[in-house]
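Examining the three-dimensional arrangement
What follows is the residue order along each chain.
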Amino acid sequence: MIAPSILSADFARLAEEAAAVQDADWLHVDVMDAHFVPNLTLGLPVVESLRKATEIPLDCHLMIENPDRWAIGYAEAGAHNVTVHVEAAEDPVAIAKNLRAAGSQAGLSIKPGTPFEPYVELLQHYDTLLVMSVEPGFGGQRFMPEVLDKVRVARRLVDAGELRVLVEIDGGIGADTIEQAAEAGVDCFVAGSAIYGAEDPAAALTALRASAAAARG
Ligand code: DX5
Ligand code: ZN
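Residues numbered from 1 in each chain as written. Chains lettered and ligands numbered in written order. Predicted model: local features only at pLDDT ≥ 70, side-chain atom pairs only at ≥ 80, totals over all residues. Heavy atoms only, no water.

**Observations regarding the coordination of the zinc ion (ligand 2)**
Cut-off, in case you're wondering: Atoms are scored as donors when they are N, O or S and lie within 2.8 Å of the metal, with 3.2 Å used for Na, K and Ca; no water is included, so coordination may look incomplete. In these descriptions, tetrahedral denotes four donors with every angle between 85 and 135 degrees, square planar four donors and octahedral six donors with opposite donors over 155 degrees apart and the rest between 65 and 115, and irregular any other case. Put simply, DSSP H or I for four residues or longer makes a helix, DSSP E for two residues or longer makes a strand, and each gets a number counted from the N terminus. Each residue is assigned to one of three classes by its accessible area relative to the maximum for its type, calculated with a 1.4 Å probe on protein chains only: buried under 20%, partly exposed between the two thresholds, exposed over 50%.
Protein-derived ligands of the zinc ion (ligand 2) are His 28 (NE2), Asp 30 (OD), His 61 (ND1) and Asp 170 (OD), with the metal-ligand distances lying across 2.0 to 2.3 Å. For the zinc ion (ligand 2), the six donor atoms are set out with angles of 71 to 171° between them, so the coordination reads as octahedral. Sequence positions of the residues that donate to the zinc ion (ligand 2) give the spacing H-x1-D-x30-H-x108-D. Here His 28 is found in strand β2 (residues 27-32), whereas its partner His 61 is found in strand β3 (residues 58-63), with 33 residues between them in sequence. For His 28, a relative accessible area of 0% gives the class buried. Classification of His 61 by relative accessible area gives buried; the value is 1%.

This is the structure we're talking about:
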């Protein structure tokens, strides 16, 4: 699966930018609050409008403090998947239950420096695991290959039937990095600058999908 990140799109033309990647599996929406990360992007009103402007399932990545309070709104707005950061969540089990009750999938994200193993139990309540491969906050950063060890462990647990999550990766994914991520066992690839920075976003998406599929075998 490929999830283009609209962080690298033109925010004044979001409906057209979504239409430019019609073939996307998910549309990745980065919500930043200038507290959990040192950057500010968009919030609920934009997601509500975007939901009406595209059929592509929305994958909302909340890089915010107090997701216990705010995550539910994104599920109610019709997001397909709502991901919160384990570093910010007070009661991640309650968040997942509330998201699912509101009709959304629940995602849990870990920053590059956050280990994976302590959260295996917790992930039983979640549908997706979002492994950050850059420090969250900005698009266009360099991919951190060391996070692939976490992907490999997650992949093993999923394949062994001990965990049921979709493994998603976010940050620095492009033509030169997607194959190693696919080999490590990623299911869903977020790509911002590699898609919206390309002359032809739809063609870039197709090429990334082909590379990932070939590498995954
Ligand atoms: C970064 C965001 C990413 C960002 C990725 O904090 O979570 O989703 O859009 O951008 P690229 O693909 O350019 O690294
Ligand atoms: Zn993101």
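**Thoughts on the environment of Arg 100**
Rules: The contact criterion used is simple: two residues touch if any of their non-hydrogen atoms lie within 4.5 Å.
Considering the arrangement of structural elements, one finds Arg 100 in helix α4 (residues 92-101). Taking the C-alpha atoms as reference points, Arg 100 and Arg 164, 64 residues apart in sequence, are found 15 Å from one another. For Arg 100, the residues in contact, after removing those within four places along its chain, are Gln 124, His 125, Tyr 126 and Asp 127.

**Quick look at the sheet that holds strand β1 (residues 2-4)**
Quick note on the threshold: Strands are treated as partners if at least two bridges between them are detected by DSSP. The axes are straight lines fitted to the C-alpha atoms, using for helices just the contacting stretch, and the angles between their N-to-C directions are given from 0 to 180°.
Read from one edge of the open sheet, eight strands run β1-β8-β7-β6-β5-β4-β3-β2, paired in parallel fashion. The open sheet is flanked by β1 and β2, the only strands paired with a single partner. Direction aside, neighbouring strands of the sheet carry axes that sit 25° apart on average. In the packing of helix α3 (residues 67-76) onto the sheet, contacts are made with β2, β3 and β4 (81-85), and the angle to β4 comes to roughly 165°.

**Points about the pairing of strand β7 (residues 166-170)**
With four of five residues buried, β7 is to be regarded as a mostly interior element. Note that strand β6 (residues 128-132) and β7 share five bridges and pair parallel. For Val 131, the partnering residue across the bridge sits in β7 and is Ile 169. In terms of strand pairing, β7 meets strand β8 (residues 188-191) through three bridges, oriented parallel.

**A word on the packing of aromatic side chains**
Using the following cut-off: Aromatic pairs are defined between Phe, Tyr and Trp rings, using the six-membered ring for Trp, whenever the two ring centres lie within 6.5 Å; interplanar angles under 30 degrees are classed as stacked, those over 60 as edge-to-face, and all others as tilted. Whether a charge sits over a ring depends on NZ of Lys or CZ of Arg being within 6 Å of the ring centre and within 35 degrees of the ring normal.
A complete count under the given rule lists zero aromatic pairs for this structure. Cation over ring: Arg 69 sits above Trp 70, and NZ or CZ is 4.0 Å from the ring centre.

**Quick notes on the site of ligand 1**
Convention followed: Residues are labelled near a given molecule or strand when at least one of their non-hydrogen atoms is within 4 Å of it. Any pair of nitrogen or oxygen atoms within 3.5 Å is treated as a polar contact; in protein, a donor-acceptor pairing is required on top of that, and neighbouring residues in sequence qualify only through side-chain atoms on both sides. The Shrake-Rupley method, run with a 1.4 Å probe sphere, supplies the accessible areas, and residue values consider only the shown protein chains as cover. Residues are grouped as follows: Ala, Val, Leu, Ile, Met, Phe, Trp, Tyr, Cys and Pro are nonpolar; Asp, Glu, Lys and Arg are charged; all remaining types, including Gly, are polar.
Looking at ligand 1, there are 20 residues lining it, with Ser 5, Asp 30, Gly 137, Asp 170 and Ser 193 nearest. The side chain of His 28 places a nitrogen or oxygen atom 3.3 Å from an oxygen atom of ligand 1. Contacts to ligand 1 include Asp 30, whose side-chain N or O atom sits 2.8 Å from an oxygen atom. Isolated, ligand 1 exposes 380 Å² of accessible area, and the fraction of that covered by the protein chains is 100%. Of all the secondary-structure elements, those providing two or more residues to the shell around ligand 1 are β2, β3 and β8. Looking at the shell around ligand 1, its residues break down into eight nonpolar, 10 polar and two charged.

**Details of the environment of Asp 200**
By secondary structure assignment, the location of Asp 200 is in the loop between α7 (193-196) and α8 (201-216). Given the relative accessible area of 41%, Asp 200 is considered partly exposed. When the C-alpha atoms of Asp 200 and Ala 20 are compared, they prove to be 8.5 Å apart, with 180 residues separating the residues in sequence. Within the structure, Asp 200 has its side chain in polar contact with the backbone nitrogen of Ala 202 (distance 3.2 Å).

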